[in-house]
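Secondary and tertiary structure notes
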Amino acid sequence: MNELPVDKGTRVTLHFALKFTDGQVIDSTFDKEPASLEIGDDNLPENFEAYLLGMKAGDQASYEVPPEKGFGQTNPNNVQVFRRSDFSADMVLEPGVMISFADARQTELPGVVSRVEGDEVTVDFNHPLAGRTLVFEVQVIDVEPAGPAH
C-alpha cells in the first residue's frame with residue numbers, strides 16, 4: 001500500500017461528496033467513478049484541497065466546511081434589481097430560475113432570480129453555495145507522485 005501523503009505534486013484518486021449539513025447531497029462520486037486530480041491544478045478549490053493534505057491512501061474523513069473556507073459569504077452587492085422590461089417578454093421569471101448574463105467583458109455570469117415583485121426582478125449573483133456550511137466527505141483511494149505536466 002502506498003504511504004505517500006497528499007501534498008503539492010501528487011495525483012490523488014478519491015471519492016468525495018459535498019453535502020449540506022442536513023444531509024442533502026450537492027455532488028458525489030461515491031456512486032460513480034472516483035475523481036482523479038492533481039493537487040494544485042485548480043480542479044478543487046484551494047480551500048478544499050487543504051483538507052486533503054496529509055491524507056494517505058485508505059484514509060476516510062468528513063469535514064465541516066464553514067462558508068469562509070467554502071464558497072464565501074453572501075455579498076449583498078451581488079444582489080441586483082432589474083426591471084421586468086430588461087428581459088424578453090417570453091422569459092419565465094420566478095424565484096429559483098437561473099439566468100445567464102454576459103458582463104462588460106462578455107464573461108458568463110450566472111444569476112438566480114430571488115424575488116419578483118411588480119415590475120422589479122431581484123437577481124442574486126452570489127455563488128449558490130455562498131453563505132452555507134458544507135460537509136466535505138472524502139475517501140482517498142490512491143496517492144501517487146504527479147508525473148511531468150502533460
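Everything below is about the structure shown above.
Residues numbered from 1 in each chain as written. Predicted model: local features only at pLDDT ≥ 70, side-chain atom pairs only at ≥ 80, totals over all residues. Heavy atoms only, no water.

Describing the overall build of the chain
Check the secondary structure of the chain and you find 1 helix and 9 strands. Listed by position from the N terminus, the elements making up the chain come as β-β-β-α-β-β-β-β-β-β. Compactness check: the chain gives a C-alpha radius of gyration of 20 Å against a globular reference of 15 Å for 150 residues, more than 25% above the reference. The dimensions of the chain, computed from C-alpha atoms along their principal axes, are 65 × 35 × 25 Å. Across the 150 residues that make up the chain, the buried fraction comes to 31%. (Helix = DSSP H or I, 4+ residues; strand = E, 2+ residues; numbered from the N terminus. Rg over C-alpha atoms; globule rule 2.2 N^0.38 Å. Buried < 20%, exposed > 50% of the residue type's maximum accessible area, 1.4 Å probe, protein only.)

What about the packing of aromatic side chains?
A complete count under the given rule lists 10 aromatic pairs for this structure. With 6.5 Å between their ring centres and 50° between their planes, F16 and F136 make a pair best called tilted. In this pair, F16 is assigned in strand 1 (residues 10-20) and F136 in strand 9 (residues 134-145), connecting sequence segments 120 residues apart. We classify F16 as buried; its relative accessible area is 15%. Given the relative accessible area of 1%, F136 is considered buried. Judged by centre distance (6.3 Å) and plane angle (65°), the rings of Y51 and F136 are edge-to-face. One end of the pair, Y51, is in helix 1 (residues 46-52); the other, F136, is in strand 9, and 85 residues separate them in sequence. (Phe/Tyr/Trp six-rings, centres within 6.5 Å; stacked < 30°, edge-to-face > 60°.)

A few points about the nonpolar core
Grouped together as the largest cluster of nonpolar side chains are 21 residues, with contacts concentrated most on V6, L14, F48, L52, L134, F136 and V138. At the level of secondary structure, the elements contributing two or more residues to this core comprise strand 1, strand 3 (35-38), helix 1 and strand 9. Residues in contact with L14, not counting those within four places in the same chain, are T29, P34, A35, L37, L52, V138, Q139, V140 and I141. The next biggest cluster of nonpolar side chains, apart from the first, holds 9 residues, and it includes F87, L93, I99 and V113. (Core = buried A, V, L, I, M, F, W, Y, C linked by side-chain atoms within 4.5 Å. Contact = heavy atoms within 4.5 Å.)

Notes on the pairing of strand 9
Pairing of strand 1 with strand 9, which is carried by 11 bridges, proceeds in the antiparallel orientation. By the bridge assignment for strand 9, K19 is matched with V135. (Pairing = 2+ DSSP bridges.)

Quick look at the sheet that holds strand 8 (residues 120-124)
Sheet architecture is open: 4 strands sit in the order 5-8-7-6, paired in antiparallel fashion. Lying at the two open borders of the sheet, with one neighbouring strand each, are strand 5 (79-83) and strand 6 (98-102). Ignoring strand direction, the axes of neighbouring strands in this sheet form an average angle of 40°. Looking at chain direction, strand 5 and strand 8 are connected through 5 bridges and run antiparallel. Across the sheet, residue R83 finds its bridge partner in strand 8, namely E120. (Axes fitted to C-alpha atoms, helices over the stretch in contact; angles between N-to-C directions.)

Re the pattern of salt bridges
By the definition in use, this model includes 4 salt bridges. K19 is the partner of E137 in a salt bridge, and the nearest nitrogen-oxygen pair spans 3.1 Å. Taken together, the residues span a long stretch of sequence, with E137 in strand 9 and K19 in strand 1 at a distance of 118 residues. The partly exposed category is assigned to E137, whose relative accessible area is 25%. (Salt bridge = Lys/Arg side-chain N within 4 Å of Asp/Glu carboxyl O.)

Some points on the side chain of H15
You can see H15 is positioned in strand 1. Among the polar contacts made by the side chain of H15, one reaches the main-chain carbonyl oxygen of T29 at a distance of 2.9 Å. Once residues lying within four places of it in the same chain are set aside, the contact partners of H15 are T29, F30, K32, E33, P34, E137, V138, Q139 and I141. (Polar contact = N/O pair within 3.5 Å; in protein donor to acceptor, adjacent residues only side chain to side chain.)

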